[in-house]
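# A closer look at the structure
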Amino acid sequence: MERRITVPAGYVRHLLQLVEEQGYSVDELLHYVGIDPAEIDTQTEFPADKFGLLYQRIYYIAQDEYFGMLSGGKVPNGTFRMMCHCLIHCTTLEKAIYRASDFHEICRGTQVKPFLVRKGRYAKVSFTTTDASGVSMDELLEGESPARIRTSLSMWHHFLCWLLGTRLDLKAAYFSFSEPDDVAQYKTLFQSEVKFDQHDNAMIFPARYLDYPIVQTPETLRSFLKTAPYQLIVMVDDDTSLKSQVVALIGKDFSQELPSAEDVAFRLHMSVSTLRRRLLEEDTSYQKIKDECRKMAALNYMNSPQLSINDVAGLMGFDEPSAFFRSFKKWTGMTPGEYRRSDTYCQQLANS
């Protein structure tokens, strides 16, 4: 059975703590989603697709689409979808961030918006309060939990990556609170230098990314929204191998063309021949890694019963479902329909 993409179980426990603090029944929530509390208590990792379903249900019962994130208030369900429709036609990432900031000025519920500063070779995305909030960011952050700040910054980072169709490599992630015990998870999540006790909560990255085009379309957005917030919470594995670095660069968005071996080698500051040699030493190759990543992504989507096979084909970047059928059979030995009738799929549903 393929290893599933996971998030730290601590993320789940923190989310459920927030649920309990706001007066909702954790037991009823877990029962509805089909999660055994023992999974959370006894495991260090938790399936990302289950975490996504849990988040979707929490959005519904709390009627707050920014639950667990910095907002300063309840954000009505449907707000994120409308923001995405506002951004999807922007020509560059810079314009998309500015439009997101403008959107948060007029949407109901939130008092927080993204704030972009471009200076020389680097850019910074942080948070500030809306003009109508009547409070400063420092006041809003008083007593705020580190986990909520981390979640907010991480989700925005992953969202920007999705808009670009490629990983936005960070130079650093800054946090205003002191270094936590789980600092290793921060480094794994952001794949960059992480600094604490800073004056701001922000991500720093090369300014050239701001000029990159938005590659997503209304068609890819529809598929993305069906699985949200799945692609906003998945993270890379805590692994120091070259293979893991390649997997991180390939990313989680398979609706766009994957980077070539030359692209990956350039971003890892090595020649293509060195990349191939070092991957061979790890008993793999770039093509094998791409195939494994696509297979794992396809299985994760196929294990989500709310997605039709055509939806999965779109998320995997196939214009024609028949082409996806052929590729899926090559990866698994079964067609998508055969897989969903198989004992393997039934077992996955029973464990979900």
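Note that this is a predicted model, so its numbers are computed, not measured.

### A word on the sheet that holds strand β4 (residues 122–129)
Taken in spatial order, the five strands line up as β3-β4-β7-β5-β6 in an open sheet, and their pairing is mixed. Of all strands in the sheet, those bounded by a partner on one side alone are β3 (112–119) and β6 (193–195). Ignoring which end each strand starts from, the neighbouring axes of this sheet average 20 degrees apart. Taken together, the three bridges between strand β5 (residues 172–174) and strand β7 (residues 202–206) define a ladder with antiparallel strand orientation. Looking at the pairing, Tyr174 lines up with Ala202 of β7. Against the sheet, helix α6 (residues 93–106) contacts β3 and β4, and its axis sits at roughly 150 degrees relative to β3.

### Re the nonpolar core
If you look at the biggest cluster of nonpolar residues, it comprises 113 residues, and the most contacted ones within it are Leu54 and Phe159. Ranked by residues supplied to this core, first place goes to helix α8 (residues 146–164) with ten residues. If we ignore the near neighbours within four places in the chain, the residues touching Leu54 are Val12, Leu15, Leu16, Leu29, Leu30, Val33 and Ile35.

### Thoughts on the pattern of salt bridges
Taken as a whole, this structure holds eleven salt bridges when the rule is applied. As a salt-bridge pair, Asp182 and Arg150 come within 3.6 Å of each other at their nearest N and O atoms. With a gap of 32 residues between them, Asp182 in the loop between β5 and α9 (183–190) and Arg150 in helix α8 connect regions that are remote in the sequence. On the basis of relative accessibility, which here comes to 27%, the residue Asp182 falls in the partly exposed class. A salt bridge links Lys226 to Asp311; the nearest nitrogen and oxygen atoms lie 2.9 Å apart. Placement of the pair is Lys226 in helix α10 (residues 218–227) and Asp311 in helix α16 (residues 309–315), with a sequence separation of 85 residues. The exposure class of Asp311 is buried, given its relative accessible area of 13%. Counted as one network, the salt bridges with shared partners bring together Glu94, Arg118 and Asp211.

### Some thoughts on unusual backbone geometry
Of note, Asp197 is a non-glycine position whose phi angle comes to about 55 degrees, a positive value. When you line up the elements, Asp197 lands in the loop between β6 and β7. For Asp197, a relative accessible area of 54% puts it in the exposed group. Phi at Asp283 is positive, roughly 60 degrees, even though this residue is not glycine. The topology assignment puts Asp283 in the loop between α14 (272–281) and α15 (286–302). With a relative accessible area of 65%, Asp283 lands in the exposed category.

### Considerations on the side chain of Asn201
With respect to the helices, strands and loops of the structure, Asn201 is situated in the loop between β6 and β7. Of the polar contacts made by the side chain of Asn201, one reaches the backbone nitrogen of Ser176; its length is 2.9 Å.

Criteria and cut-off values
- Residues numbered from 1 in each chain as written.
- Predicted model: local features only at pLDDT ≥ 70, side-chain atom pairs only at ≥ 80, totals over all residues.
- Heavy atoms only, no water.
- Pairing = 2+ DSSP bridges.
- Helix = DSSP H or I, 4+ residues; strand = E, 2+ residues; numbered from the N terminus.
- Axes fitted to C-alpha atoms, helices over the stretch in contact; angles between N-to-C directions.
- Contact = heavy atoms within 4.5 Å.
- Core = buried A, V, L, I, M, F, W, Y, C linked by side-chain atoms within 4.5 Å.
- Buried < 20%, exposed > 50% of the residue type's maximum accessible area, 1.4 Å probe, protein only.
- Salt bridge = Lys/Arg side-chain N within 4 Å of Asp/Glu carboxyl O.
- Polar contact = N/O pair within 3.5 Å; in protein donor to acceptor, adjacent residues only side chain to side chain.

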